[in-house]
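# Inside the fold
As a plain string of letters, each chain reads:
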Amino acid sequence: EKRNKSFEITEDTISLYVEFDFETELAGMPMSATTGFRYESTTVDIDGTDEPVTELEILDKTEMLAHFGTAESISKSSNYETILPNFRIKIDVNDDLVARFSASQTITRPTLDSLSPVTVIGTTRQGNNLTSSSGDPKLEPFTSDNLDLSLEWYYSEANYLSVGYFRKNVANFIIN
């Protein structure tokens, strides 16, 4: 039986980028750096239809039958703004040794399924629990604070050895 469940997501994003590059010396060592930010304003519009479950009928230990009501229109909107700074620096300690540092903030948008307000019910259990899922149109993106450090030793014309450290702190993580 065909169900009347569908959705369409429209996302509009306005971005502004600002970046500054500069070079100087630090204690006699050549240094270059880049700093800036990205501003984003995002609006998410979701339209669709869903048929609410009115009853679940147990058929046996592994299967249920879902009864649905009349299809309902869905129309949801959300918006968010974010400022994402970044800073990178490179220092040529000497002809063979380069130190790098960067710090930034980034975002990852929710998946379309995570935003979908349509409810999906699994009515067959094959060794697992019965499931139901629905997204939330008001989910905000994951945010991440990032830190990278590295030291590079160029010991010959075509060879180098590098050691690095990175750290990522993720917030707003979406859990199913």
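Residues numbered from 1 in each chain as written. Predicted model: local features only at pLDDT ≥ 70, side-chain atom pairs only at ≥ 80, totals over all residues. Heavy atoms only, no water.

Moving on to the packing of aromatic side chains. All chains considered together, the criterion is met by 4 aromatic pairs. For the ring pair Phe142 and Phe173, a centre distance of 5.0 Å and an interplane angle of 45 degrees mean the geometry is tilted. With Phe142 in strand 9 (residues 142-156) and Phe173 in the segment after strand 10 (159-171), this residue pair connects regions lying 31 residues apart in the sequence. Judged by its relative accessible area of 55%, Phe173 is exposed. Consider the rings of Trp153 and Tyr155, whose centres lie 5.1 Å apart with planes at 45 degrees: the pair is tilted. Relative accessible area serves as the criterion here: at 43%, Trp153 is assigned to the partly exposed category. The partly exposed category is assigned to Tyr155, whose relative accessible area is 46%. (Phe/Tyr/Trp six-rings, centres within 6.5 Å; stacked < 30°, edge-to-face > 60°. Helix = DSSP H or I, 4+ residues; strand = E, 2+ residues; numbered from the N terminus. Buried < 20%, exposed > 50% of the residue type's maximum accessible area, 1.4 Å probe, protein only.)

For Ala27, which is not glycine, the phi torsion reads 50 degrees and is therefore positive. Following the sequence through the fold, Ala27 ends up in the loop between strand 1 (6-26) and strand 2 (29-50).

What follows concerns the environment of Asp12. Among the structural elements, Asp12 can be located in strand 1. Taking C-alpha positions, Asp12 is 16 Å from Ile83, a pair spaced 71 residues apart along the chain. Excluding residues that lie within four positions of it along the chain, Asp12 makes contacts with Ser41, Thr42 and Thr43. (Contact = heavy atoms within 4.5 Å.)

If you add up the space inside the largest pocket, you get close to 300 Å³. Around the largest pocket, the lining is made up of 18 residues, and of these Asp113, Ser133, Ser134, Gly135 and Asn176 lie nearest the centre. At the level of secondary structure, the elements contributing two or more residues to the lining of the largest pocket comprise strand 1, helix 1 (112-115) and strand 8 (132-133). Its residues assigned to classes, the lining of the largest pocket comprises 6 nonpolar, 9 polar and 3 charged. (1 Å grid on protein atoms, 1.4 Å probe; cavity = no way out; pocket = protein on both sides within 12 Å on 5 of 7 lines; lining within 4 Å. Points joined across faces, edges and corners; volume = space filled by probe spheres on them. Nonpolar A, V, L, I, M, F, W, Y, C, P; charged D, E, K, R; others polar.)

In total, this model carries 5 salt bridges according to the counting rule given. Between Arg109 and Glu40 there is a salt bridge; the shortest N-O distance is 2.8 Å. With a gap of 69 residues between them, Arg109 in the loop between strand 6 (97-108) and helix 1 and Glu40 in strand 2 connect regions that are remote in the sequence. Judged by relative accessible area, which is 5%, Glu40 ranks as buried. When salt bridges with common partners are traced through the structure, they connect Glu11, Arg38, Glu40 and Arg109 into a single cluster. (Salt bridge = Lys/Arg side-chain N within 4 Å of Asp/Glu carboxyl O.)

All right, on to the sheet that holds strand 5 (residues 72-92) then. Judged by pairing direction, the sheet is antiparallel, and its 6 strands sit side by side in the order 1-2-5-6-9-10 without closing on themselves. Edge positions in the open sheet fall to strand 1 and strand 10, since each of these has one partner strand only. Strand-to-strand twist across the sheet, computed as the mean angle between neighbouring axes with direction ignored, equals 10 degrees. (Pairing = 2+ DSSP bridges. Axes fitted to C-alpha atoms, helices over the stretch in contact; angles between N-to-C directions.)

What follows is about the pairing of strand 5. Examined bridge by bridge, strand 2 and strand 5 share 20 bridges and lie antiparallel to one another. Bridged to Thr42 within strand 5 is Tyr80. Across 7 bridges, strand 5 lies against strand 6 in antiparallel orientation. Looking at the pairing, Lys90 lines up with Arg100 of strand 6. Where strand 5 folds back onto strand 6 in an antiparallel hairpin, the turn is made up of 4 residues.

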